[in-house]
Structure formats: structure tokens, C-alpha cells
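Geometric and topological summary
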Amino acid sequence: MSRTVSFVAAKLRFGTLKMRIAVVYAALFAVVLATVVLLAGNGVARFGENSASRDLAANARVFDEIISLRAKQMRGSTDILSRDFGFREAVATNDRPTIESALLSLRQRSSSAAAFVVGLDGSMTGSSDATLPPVEELWTALDEGQERGIVRLGDKLALAAASPIQVPDTVGWLVMAQPLDAAEMRRLSRLAAVDIGARVVRASQLPPALAKAPLGKVIETGADERILHHVTALPALQDGVRPRLVLDHSLTKALAEYSGLQWLLAALAAAGLTLVIVASWRVARTITGPLSALDTATRKLGEGKDAKVEVVSDDEIGRLGTSFNAMVDAIAERERQITHVALHDGLTNLPNRKLFVEQLDHALVRRRDDAKLMVVYVDLDDFKVVNDTLGHPAGDALLRNVAAHLQDALGDAIVARLGGDEFAILLTDLSGSEDLVALADRLQDCFDRPVLIDGQQADASASLGIAVAPADGTDGITLMKNADLALYRAKRDGKATYHFFEQSLDEQARHRRQMELDLRLAIRDGGFELHFQPLYSLQEERLKAFEALIRWPHPHRGMISPAEFIPLAEDTGLIVQIGEWVIREACRQAATWPGDLSVAVNISPKQFLSPNLATVVLSALATSGLPATRLELEITESIFIANVERTLAALHGLRKLGVRIALDDFGTGYSSLSYLRSFPFDKLKIDQSFVRDLTEGGNANAVIRAITTLADALGMETLAEGVEDQAQAEILRQEGCRQIQGYLLSKPLNAAAVYDFIDGMEGSADEARRTA
């Protein structure tokens, strides 16, 4: 138990700031000092290694000079005898006793181990204590005039010098050899400046590590004792010898001379570390006092209390206290700003959805039993058009303008921006007798005004959805949901209007959600089918194509009209997937039709904006095998609203695939002759509203005549939709319309009925030709 208490106490003492500062300073200095000592020690070791290597290399050059000098001395002795007249005469006459006597005398004078004469006839006469080398192994070097080199005497290597015997022509060579045995190499080693070992061996006898070593370079071997080696090639006077001079120098012993310096460095490091520990303790003691006050203030700040400290000095600690006080003020201000940003919209500075929900909940809690509360959802009409035509900065300016106007016009009402172009308005403390319709009219009037942005006029009209508490809900979630449902109904009623929540809207919303789920299942399970309405050429008097029209046979509700599910598909974005299926299925079925009959497919604005539309078309054509010229894509003028340049680029991309492009419902939308000039459509489809007016008087004939004349001038075909009787067809023929479509020909047919219709049209054509 006492050990545990002592350990905890020691740990607490070490945990003080004063102790940590002292320890950190000492530890840092110790690390730096250890690094310096280590680097210095390594530097000393590297210096010792480099010095030893340089010494060994230098002594290798000395050894080469010594051996060369020794060979010259031996050559001097052989030159004297080889030039002696009597010796040359003895060699010339092959006087062996005289030769042997002279060779013995030469050995004795020069203390050599062997002296012999090699004749031109391959004979050898010599005096030696060991076996002389074969003449044939000496012949090459002697014949090439080599004066010195290493030869083999018995099992030893010897340094040999050779002099030619000339009378006056060369009749042989006088060779003297001195063994380079261990005793001789030790004697030569004593002439070196450092302690080295020397030996001359044949290359084949070298250890593997030395055999691979580059000649003339210093290498290191050994684990327990580090040894430096230097290998030099010596000249050979005998074939096959390949002598090597090997010098060895103990690196371990050489470095031992520097150990005293390393111990001195270690002693200096220890003394320096002791001084730093003492100084660190004193510095730590002067810092911890003021920091203790900061520590106390920080804890108070964490508890939310007033945490400023008293500053009594102007040094670093004093400035730290001043900075701490400034930080406390900055934190308070930043918290205020963060709270504001978290609860307000950055663009308009209005409350955001989170704050609006809180304010709504508080207002519901405070509401008196006899008072009403109104929640209004606002959605700006055609705000996307402003963004697309005037740019996003203009859209932001419009939002700021609307926000400021609402705040000015509504006074105490709470106005919030929920996101995008959606706003919310909260009106509280309305009396039970308040005229809610008049109030709604006043709210609608806030948006019935033009807004000037950068010199251009923008529309600020809006649709409003209204929910009133307590009739439409007593909690915030219900009221906001019901206001949203009312807003959706207001937008469907034609925009720029308002709508109060009705219970039926909730049922409609549930119905809409269920239909969306059923749509997704139909897309997944292939629950759609295509019907086809014929397109007839008045000019050629024959069937030209069919328009593909989607149908949805719901498993429980029966056939659902496209007018009911297509708008929902547009709103949810499912129209893109549905449109892709229509293109693929229409191409697949059209590929089975006879002749050159084409198929026309409607492309929705959202599908047209899809970046992979061209890829889908190309894939459908490739998979079905339908020629591109037999596929016609119908678009409406509304696609030009968003981005004309992008739209034209997409149209040209589709045209490059070889498909035909038709402009549907021409004359009813955002018509502009500039579109026709910018892109050469293949066909203009005249809206059925003009066709219906043909037999009712009015100027429908003139409008159709103008369209057909314009189309002919631009090289485009024309097709009239909704033709229901022969009279309309005849008028269209007279006005120059080339093709018709409508119930006069047939209602939309299922896939099987298409073939019967084609056969019937061909039969009628054959009958007409026979009659003619």
C-alpha cells in the first residue's frame, strides 16, 4: 500500500508544469547533445576509416616501388654477368661446368635462391635450391623482352629478373629469382609507415571476397575484427602464374587509437547535460507562477464564468495574459456570430428553416385559444428562368429584393427563407374574426410587382400555400406539411395565386406518393407499353410513319392516362428513365416494320438536358438495327428557354447521328424564328388547336398557310396534328401541309394492331391504283 501511495505521489509531482518544463528542456538538450556526440563519434570513426584506407593505399604504392627497386637490383646483377665475355663464351659453347660455376657464384654474391640460363634451343642450365619452372612457361615473356616478374620456384612464388645473353646475337637469357616467402614479406612490411601484413599469392588462391575485389582498391572484411585489404596485380615472368600482392591492415586496431577522443566527447556531454538540467529547473520555476493564474482562469472559462486575468507585467507572460483576455472577448463574439449563421440564411439574412421551426413552435405554445396562427409557404414562379436568362447573380439579387420587400411590407410578421426560391411567412396573434382571404390577398399583392435588376425587368410573382392553426393543425410539423401541400396545389392552379389547405389535398398527396412508388415499380418491372398513331403523307398519298405513345396498364387501376403520370414523372425526374425505355422499345418495334416506315418519339425537356441522350439513341439504334434515318425525335420549343447555345449544340449532336428532328406543337409556345434559322429542323408539327379552328372560321387557315410557306422556304416538312375529319384534311392539303396525324386515320394502336393497319393501308393503296 505504501509503495502505491509513493508511486502516485511521484507521478503527481512529475505531472507539474515546472517538472515537465525542466524535463522537456533537459530531454531536448540531451537529444541534441546525444545527436552531436553521435555525429562527432561517427565523424571520428569515418575519419579513422578514411585515414586507414589512405594509409593502406599509400603503402601499396610504396610496396610496388620496393618490389620494383628490388627487381632492378637483381637485374643489375644479372646484367653484369650476362655481359661478361667469359660467361658469354661459355654459354655460346655450352660449357656447362663454367656456366654452373658462374651461376653459383652469382647466387652467393646476391643471396638469391636460384640462377639459371635459358637457351634459345629450350635448354636450361641452373643453380637452385628448389625446382625451377619449365622452360616453355618462361619462353613467351623472355622472348617478348620482359625484364622482371614473378615465377614459381617449387611451391613458392619468387621475384625474378632476366637479362639477355648476346654474342652479339641473343643466345639465351640469364634469370635470377628471389622467393617472396613470409619471411621476405615481413622484412618488406617493416619498411611501411603503418602496421600491415603483406603476401604474394596466385590469383586462384585468393579467398572469394578478395578474388572479387577490384584491383588497386581498398576493401573491408571481417566481423569480429575489421580488416582492410588492398590487392595489386604483379607482372608475371611465367605463364599461368597471375601473381597478386595482398596488403592487410587491421581497421579495428587503427580505430582504437581514437577511442580516447570519443570518451572525452562523452564526458563533455554529461557535464553540459547537468548544467542544462539545473538551468531548466530555474527557468521553469519563473514561468509556472503566472501560468497558474491562467490555468485557473481557463477552468472558469470552461465553466462559462467570467474568466479574465489581471495583467501585471509587459513581458511575454504579461502579453499572454492580455491575449487571453482578448481571446475571451473574441470567443463570445464568435459564438454570437456562429449562432446567427446557424439560424439565418447567408444570402438574405432572413431566419432559415431551423429558426423558423423554433419560432413556429414557440408561437404555437404562446397562442391563445381564441387566436389564429397562419403559416404561408411561398415559391417564386419561374425563378429558374431568371437564373437561366439573366444569370445566377441576378437571381440572388431578386431573392434579396423579395426578402427586403417582405420584411418592409409585413412589419411584425416572421419571414424566413427555406432554401432556393422558397420562403415562409408566420403571422401570429390573428383574431378569430380575422378576414383570412383579405390577408391572403394582401400577401399576394406583395409579389405583384416588377423588379428591376441591372437595368432588366424580372418577374417576382409567387405561388402561396396557406395553413391556419388550429383548424389545419396544432403542431409545427403538421402546419408546415399542410402549407406545402397547399403550395403545390396553388402552383398546379396556374401560379401567381394562393391556396388554403383543404383536407382533400392530404389525400391527393398520399395518392401522388403512391403513384410515384408505382411508377418506380413499373420502370423496374417493365410495366409500360407503346401504342402507335400513324402519320400520313398527303403529298405522296401513303403511310409514312408512326408516333410512339406510352401507355401504363396499371395492375390494379387499369389504364392510366399519360396526362396523369407524365407530369409526376417530370417532377420526380423519372421521365429520363421512362424516356430511355421508350426510345429503345420504339426502335426495337420499328425495326420489324416493312419498308421505310419511320417511328417518331417525343423527347421531354428534362430528358433532352440529360448528358447521355445521344448515347442512349446510338445504343438503341445499334441494338435494334434500325437505320438512323427511320428515327424521328420530337422536341418542343420550351427546350430553348434555358440555354439556347447548349440546346443548339445538343441538337447538332443528335443530327450527326443521322436521326431526324421535328419541332412539336409549333406556334403555341416560345416561338421564335431565330430557332428555325439557327437549326434546320426536318419537320414542323402544327398544333391541333389550329386544326380544330379550320372549320370554325377565323384566321386558322392564314396561320397554317404562313407556317407551311415558311417551312417550304426553309426546306422543312409540315405535319398537322389532331386531324379528325376529311374536311380538315382537304383544307390542309390546299394550304400546302404535307402530312397529317389524327383520328381521321386511326386512334393509337397497340403493337399487334400496327401490322393490320399497315396491311390495310397497302391494300387500300393497291385498290386505288387499280381503280385509277
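For the structure itself, consult the block above.
Heads up: these notes are all about the structure in this document. (Residues numbered from 1 in each chain as written. Predicted model: local features only at pLDDT ≥ 70, side-chain atom pairs only at ≥ 80, totals over all residues. Heavy atoms only, no water.)

Some thoughts on the sheet that holds strand S7 (residues 218-221)
Quick note on the threshold: Any two strands with at least two DSSP-identified bridges between them are counted as paired. Secondary structure elements follow DSSP: runs of H or I of four or more residues count as helices, runs of E of two or more count as strands, with numbering from the N terminus. In this analysis, axes come from line fits to C-alpha atoms, helices being fitted only over the stretch in contact, and the angle between any two N-to-C directions falls in the range 0 to 180 degrees.
Spatially, four strands are ordered S6-S9-S8-S7 in an open sheet, and the strand pairing comes out antiparallel. The open sheet terminates on both sides in strands that have one partner only, identified here as strand S6 (197-202) and S7. Neighbour-to-neighbour, the strand axes of the sheet open up by a mean angle of 30°, direction not taken into account. Pairing geometry for S7 and strand S8 (residues 227-233), over four bridges, is antiparallel. Across the sheet, residue Val-218 finds its bridge partner in S8, namely His-230.

Concerning the packing of helix H11 (residues 353-366) against helix H15 (residues 476-492)
Relative placement of two packed helices is described by the angle separating their axes and the distance separating the axes. What counts here: Angles below 35 degrees are treated as roughly parallel, those above 145 as roughly antiparallel, those between 65 and 115 as roughly perpendicular, and all remaining angles as oblique. If you view the pair so one helix is near and one far, a crossing is left-handed when the near helix is turned anticlockwise from the far one by less than a right angle, and right-handed when it is turned clockwise. We call two residues in contact whenever any of their non-hydrogen atoms come within 4.5 Å of each other. Under the grouping applied here, Gly and all other residues not named as nonpolar or charged are polar, the nonpolar ones being Ala, Val, Leu, Ile, Met, Phe, Trp, Tyr, Cys and Pro and the charged ones Asp, Glu, Lys and Arg.
It is at 9 Å that the axes of H11 and H15 come closest, and there the two elements cross at 120°. Between H11 and H15, the interaxial angle falls into the category oblique. Pair H11 / H15 crosses with right-handed handedness. Residues Arg-353, Phe-356, Val-357, Leu-360, Asp-361 and Leu-364 of H11 touch H15, and the partners they reach there are Gly-476, Leu-479 and Met-480. Its residues assigned to classes, the contact of H11 with H15 comprises six nonpolar, one polar and two charged.

What to know about the pattern of salt bridges
Applicable threshold: Criterion for a salt bridge: a side-chain nitrogen of Lys or Arg within 4 Å of a carboxyl oxygen of Asp or Glu. For every residue, the accessible area obtained with a 1.4 Å probe (protein chains only) is divided by the maximum for its type, and the residue is called buried under 20%, exposed over 50%, and partly exposed between those limits.
Under the definition given, this model contains 29 salt bridges. The salt bridge partner of Asp-370 is Arg-368, with a shortest N-O separation of 3.5 Å. Of the charged contacts, one joins Glu-564 and Arg-557 as a salt bridge, the two residues approaching to 2.9 Å between their closest N and O atoms. For Glu-564, a relative accessible area of 35% corresponds to the partly exposed category. Relative accessible area serves as the criterion here: at 40%, Arg-557 is assigned to the partly exposed category. Through salt bridges with shared partners, a single network forms among Arg-75, Asp-79, Arg-83 and Glu-147.

Remarks on the sheet that holds strand S3 (residues 148-153)
Taken together, the five strands give an open sheet; going across it, the order is S2-S1-S5-S4-S3, and neighbouring strands pair in antiparallel fashion. Single-partner strands in this sheet number two, and they are strand S2 (124-128) and S3. Each adjacent strand pair in this sheet contributes to an overall mean axis angle of 25°, direction not counted. Bridge count for S3 against strand S4 (residues 156-166) is six bridges, and the pairing is antiparallel. Of the residues in S4, the one forming a bridge with Ile-150 is Leu-159. This element, helix H3 (residues 85-92), spans strand S1 (114-119), S4 and strand S5 (170-179) of the sheet and lies at about 95° to S4. In this fold helix H4 (residues 96-110) packs onto S1, S2 and S5, with an angle of close to 35° to the strand it touches most, S2.

With respect to the packing of aromatic side chains
Put simply, the rule is: Each Phe, Tyr or Trp ring, with Trp reduced to its six-membered ring, pairs with another whose centre is within 6.5 Å; inter-plane angles below 30 degrees give stacked pairs, above 60 give edge-to-face pairs, and intermediate values give tilted ones.
By the definition in use, this model includes ten aromatic pairs. Ring centres of Trp-139 and Trp-173 lie 5.4 Å apart, and the angle between their planes is 85°; this geometry places the pair in the edge-to-face category. One end of the pair, Trp-139, is in helix H5 (residues 135-143); the other, Trp-173, is in strand S5, and 34 residues separate them in sequence. We classify Trp-173 as buried; its relative accessible area is 8%. Taken together, Phe-528, Trp-552, Phe-565 and Trp-581 form an aromatic cluster joined through their ring pairs.

Topic: the pairing of strand S15 (residues 462-469)
Short version of the rule: With strands facing away from the observer, any crossover in which the path from the first strand over the helix to the second runs clockwise is taken as right-handed.
Counted residue by residue, S15 has eight buried out of eight residues, so it is predominantly covered. Residue alternation in S15 divides its side chains into two sets, Ala-462, Leu-464, Ile-466 and Val-468 and Ser-463, Gly-465, Ala-467 and Ala-469, and both sets are buried. Examined bridge by bridge, strand S10 (residues 371-380) and S15 share eight bridges and lie antiparallel to one another. When the bridges of S15 are listed, Val-378 appears paired with Leu-464. Sheet topology note: the S15/strand S16 (residues 498-500) ladder contains three bridges and is parallel. Bridge pairing in S16 links Gly-465 to His-499. Read as a crossover between parallel neighbours, the route from S15 over H15 to S16 is left-handed.

Side note on the nonpolar core
Let me state the cut-off plainly: Here, nonpolar core refers to any group of buried Ala, Val, Leu, Ile, Met, Phe, Trp, Tyr and Cys residues whose side-chain atoms link them within 4.5 Å.
One finds Leu-631 and Phe-681 to be the most contacted residues of the largest nonpolar core, which totals 75 residues. Broken down by element, the residue count for this core peaks at seven residues, all from helix H18 (residues 575-590). The residues contacting Phe-681, other than those within four sequence positions of it, are Ile-635, Phe-640, Leu-651, Arg-655, Ile-661, Ala-662, Leu-663, Tyr-675, Leu-676 and Met-716. In this structure, Ile-66, Met-74, Met-185 and Val-194 belong to the second largest nonpolar core, which totals 40 residues.

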